[in-house]
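Inside the fold
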Amino acid sequence: MKVTEHIAKAGKTLISFEILPPMKGKSIEHLFHHIDGLMECKPSFINVTYHRAEQIFKKRPDGNFQQVEIRKRPGTVGICASIMNRYQVDAVPHLICGGFAKEETENALIDLHYLGVNNVLALRGDAPSNQKFFSPHPHGHQYAVDLVEQIINLNKGKYLEDDIVDEGKTDFCIGVAGYPEKHFESANMELDLKNLKIKIDSGADYITTQMFFDNEKYFSFVKNCRAQQINVPIIPGLKPITSKKQLQVIPGIFHVDIPEDLTKAIMACKTTADCEQVGTEWLIAQCRELLAKKVPVLHFYTLGKPEVIHKVIKAIL
Ligand SMILES: Cc1cc2nc3c(=O)[nH]c(=O)nc-3n(C[C@H](O)[C@H](O)[C@H](O)COP(=O)(O)OP(=O)(O)OC[C@H]3O[C@@H](n4cnc5c(N)ncnc54)[C@H](O)[C@@H]3O)c2cc1C
């Protein structure tokens with residue numbers, strides 16, 4: 001079932017998770033163990049992230065270095081299929097523009113369609129870690145909106161080859177990313193919202209937000225979206241802070257603020273277990289307020305901390 005159908009049918013706030021494929025070479029059993037624990041929370045769908053290939057320098061036996069391309073976390077499509085098969089829960093694969101030619105994207109969409117996956121989260125992706133700015137694949141897309149348009153075309157039976165028109169139509173429900181604290185490359189919030197509106201007007205069905213730790217940022221974002229006639233569901237993305245290190249790492253990677261009260265409380269902790277407790281209680285309070293405001297879904301970035309998410313959900317339901 002599509003994410004938007006889940007939301008329309010539910011009449012109450014749903015639960016969903018985002019998981020990462022395992023590092024290449026690691027067993028999928030560990031991931032299944034992680035998901036097994038979360039299934040008790042009855043998620044309506046599970047998102048699976050996509051990770052672009054990176055160029056790295058590998059030392060050769062002769063001592064020289066060779067540039068090679070590696071994908072550290074492959075397997076998004078396979079994991080989606082196995083989640084649907086093993087748990088009978090809908091999977092939402094993330095698709096990114098970065099590193100992909102349009103034809104590879106089309107082939108991935110055809111695979112997903114054949115597998116019975118009818119949800120995707122369409123994203124641009126970031127620059128590789130050794131580059132400062134995002135640049136598209138020479139035969140790929142510059143912005144997420146271009147990917148949305150490609151998926152919409154496929155939903156209409158329009159393939160990249162001009163002579164395949166009105167053929168096998170796909171039926172993808174398309175999610176896109178939104179940023180309650182603005183996308184870090186955007187000059188200002190107004191411009192970012194205009195670009196978000198273009199994604200929705202191009203046919204995206206809903207928005208999932210970047211994580212935030214202050215609900216007011218989400219409420220204000222939703223209000224601003226509605227003022228721009230962005231009327232699709234806006235799913236809040238949530239994550240617990242579980243260590244002092246994350247106070248630096250999270251703003252650096254995700255370009256979000258951590259409220260002063262939460263920072264102070266984490267800094268005052270003596271042990272990691274104390275930090276986890278503080279972060280869990282903060283997230284429980286966030287979720288209770290979001291539930292009271294009847295948000296469509298609570299979407300949890302599990303990022304290796306399923307037991308914390310489990311605790312939070314047990315406390316709020
Ligand atoms: C819920 C969620 C899940 C994510 N999952 C993944 C994942 O699995 N894998 C991954 O690699 N990354 C993931 N990301 C990160 C994401 O790829 C980055 O945040 C990336 O920098 C932007 O992606 P986007 O889809 O929002 O890009 P876009 O919507 O293309 O926006 C990127 C920037 O360009 C601007 N812009 C957009 N359209 C236009 C236009 N037409 N003209 C001019 N400017 C424009 C925007 O304002 C913004 O500043 C995720 C992010 C979120 C919020």
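As a reminder, the structure under discussion sits directly above these lines.
Residues numbered from 1 in each chain as written. Predicted model: local features only at pLDDT ≥ 70, side-chain atom pairs only at ≥ 80, totals over all residues. Heavy atoms only, no water.

Counting 63 residues, the largest nonpolar core has Ile83, Ile174, Leu298 and Phe300 as its most contacted members. Excluding its chain neighbours within four sequence positions, the residues that come into contact with Ile174 are Val120, Ala122, Val148, Ile151, Ile152, Asn155, Gly203, Ala204, Asp205 and Tyr206. Ranked by size, the runner-up nonpolar core spans 14 residues in total, among them Ile7, Phe45, Phe100 and Cys173. (Core = buried A, V, L, I, M, F, W, Y, C linked by side-chain atoms within 4.5 Å. Buried < 20%, exposed > 50% of the residue type's maximum accessible area, 1.4 Å probe, protein only. Contact = heavy atoms within 4.5 Å.)

Time to look at the site of the ligand. What surrounds the ligand is a group of 24 residues, the closest being Tyr50, Asp126, Tyr179, Asp192 and Lys199. Residue Tyr179 places a side-chain N or O atom 2.7 Å away from an oxygen atom belonging to the ligand. Compared with its free state, where it exposes 970 Å², the ligand has 85% of that area covered by protein. Going through the elements one at a time, strand E5 (90-96), strand E6 (119-123), helix H6 (189-201) and strand E8 (206-211) are the ones with two or more residues in the shell around the ligand. (Near = heavy atom within 4 Å. Polar contact = N/O pair within 3.5 Å; in protein donor to acceptor, adjacent residues only side chain to side chain. Areas by Shrake-Rupley, 256 points an atom, 1.4 Å probe, with all protein chains shown as cover. Helix = DSSP H or I, 4+ residues; strand = E, 2+ residues; numbered from the N terminus.)

Before going further, it helps to spend a moment on the sheet that holds strand E10 (residues 297-301). Reading around the circumference, E1-E2-E5-E6-E7-E8-E9-E10 is the order of the eight strands in this closed barrel, with parallel pairing throughout. Mean inter-strand twist for the sheet, computed between neighbouring axes without regard to direction, equals 25 degrees. In this structure, strand E2 (residues 45-48) lies alongside E5, joined through four bridges in parallel fashion. When the sheet's bridge partners are listed, Val48 is paired in E5 with Pro93. In the packing of helix H1 (residues 3-10) onto the sheet, contacts are made with strand E1 (14-19), E2, E5, E6, strand E7 (173-178), E8, strand E9 (234-238) and E10, and the angle to E1 comes to roughly 155 degrees. Those strands touched by helix H2 (residues 28-39) are E1 and E2, and its axis lies near 170 degrees from that of E1. (Pairing = 2+ DSSP bridges. Axes fitted to C-alpha atoms, helices over the stretch in contact; angles between N-to-C directions.)

The next subject is the side chain of Thr209. Within the secondary structure layout, Thr209 lies in strand E8. Apart from residues no more than four positions distant in its own chain, Thr209 is found in contact with Gly178, Pro180, Tyr218, Phe221, Ile234, Ile235, Pro236, Gly237 and Tyr301.

It is at 10 Å that the axes of helix H7 (residues 215-227) and helix H10 (residues 272-292) come closest, and there the two elements cross at 30 degrees. Here H7 lies roughly parallel to H10, going by the angle between them. Seen from H7, the contacting residues are Asn215, Glu216, Tyr218 and Phe219; seen from H10, they are Gln286, Glu289 and Leu290. Classifying every residue of the contact of H7 with H10 gives three nonpolar, two polar and two charged. (Parallel < 35°, antiparallel > 145°, perpendicular 65-115°, else oblique. Nonpolar A, V, L, I, M, F, W, Y, C, P; charged D, E, K, R; others polar.)

Turning our eyes to something else, we now look at the packing of aromatic side chains. Inspection of the entire model under this criterion finds five aromatic pairs. Note on Phe32 and Tyr87: the rings are 6.4 Å apart at their centroids and 65 degrees apart in plane angle, and the pair reads as edge-to-face. Here Phe32, found in helix H2, pairs with Tyr87, found in helix H3 (residues 76-87); they are 55 residues apart in sequence, far enough to count as distant. Note on Tyr87: relative accessible area 14%, which makes it buried. Summarising the aromatic geometry, the rings of Tyr50 and Phe100 are spaced 5.3 Å apart at their centres and angled 80 degrees between planes, so their arrangement reads as edge-to-face. Within this pair, whereas Tyr50 is found in the loop between E2 and strand E3 (54-59), its partner Phe100 is found in the loop between E5 and helix H4 (102-115), the two being separated by 50 residues in sequence. With a relative accessible area of 14%, Phe100 lands in the buried category. A connected cluster of aromatic rings, assembled from ring pairs, spans Phe212, Tyr218 and Phe219. Arg86 extends its terminal NZ or CZ atom over the ring of Phe32, reaching a point 4.0 Å from the ring centre. (Phe/Tyr/Trp six-rings, centres within 6.5 Å; stacked < 30°, edge-to-face > 60°. Lys NZ or Arg CZ within 6 Å of the ring centre and 35° of its normal.)

By themselves, these are just geometric observations and shouldn't be taken as functional.
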